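Structural characterization, general
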Amino acid sequence: MDELLRERDILNKNMLKAVSATQKQIDLVKLHEQAKRNLEEEIQNYKEEAQKQRKIIFQLEKERDRYINEASDLTQKMDSVGVCWPLAEGKLC
């Protein structure tokens, strides 16, 4: 009888250890899932920010091209009327 009680106590103790280990694993899984969700959200935010920056870059490039064309047109107009361009060393005609 004592042997059965001892065996029961050992089995209960082992079961409690297993339950504790299982709970630890469940907690770790939950923690990893939360970390995964946070990283996915952060990645999505970076993607959205990159898209915004691509749009800004595109607009700036369009603006740059417009200014280049405008400067070229003005240069041609001024050259056609014979306007001299001032330089640091003197004038360029």
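Residues numbered from 1 in each chain as written. Predicted model: local features only at pLDDT ≥ 70, side-chain atom pairs only at ≥ 80, totals over all residues. Heavy atoms only, no water.

As recorded in an unreviewed UniProt entry, the chain goes by Cilia and flagella associated protein 58 and comes from Bos mutus grunniens.

Looking at the chain as a whole, its pLDDT mean stands at 91, while 88% of the residues score no less than 70. Across the chain, the secondary-structure element scoring lowest on mean pLDDT is strand β2 (residues 91-92), at 55, and the one scoring highest is helix α1 (residues 2-80), at 96. (pLDDT = per-residue confidence, 0-100. Helix = DSSP H or I, 4+ residues; strand = E, 2+ residues; numbered from the N terminus.)

Looking now at the packing of aromatic side chains. Two aromatic rings are characterised by how far apart their centres lie and by the angle between their planes. Inspection of the entire model under this criterion finds zero aromatic pairs. The ring of Tyr67 is capped by Arg66, whose NZ or CZ atom sits 4.6 Å from the centre of that ring. (Phe/Tyr/Trp six-rings, centres within 6.5 Å; stacked < 30°, edge-to-face > 60°. Lys NZ or Arg CZ within 6 Å of the ring centre and 35° of its normal.)

What follows is about the environment of His32. When you line up the elements, His32 lands in helix α1. Only 2.7 Å separates the side chain of His32 from the backbone oxygen of Leu28, close enough to count as a polar contact. (Polar contact = N/O pair within 3.5 Å; in protein donor to acceptor, adjacent residues only side chain to side chain.)

Turning to the pattern of salt bridges, a few remarks are in order. This structure, assessed with the given rule, holds three salt bridges. Put simply, Asp9 and Arg8 hold a salt bridge, and the shortest N to O gap is 3.6 Å. Residue Glu40 is joined to Lys36 by a salt bridge in which the shortest nitrogen-to-oxygen separation is 4.0 Å. With Glu40 and Lys36 both in helix α1 and four residues apart, this pair spans about one turn of that helix. (Salt bridge = Lys/Arg side-chain N within 4 Å of Asp/Glu carboxyl O.)

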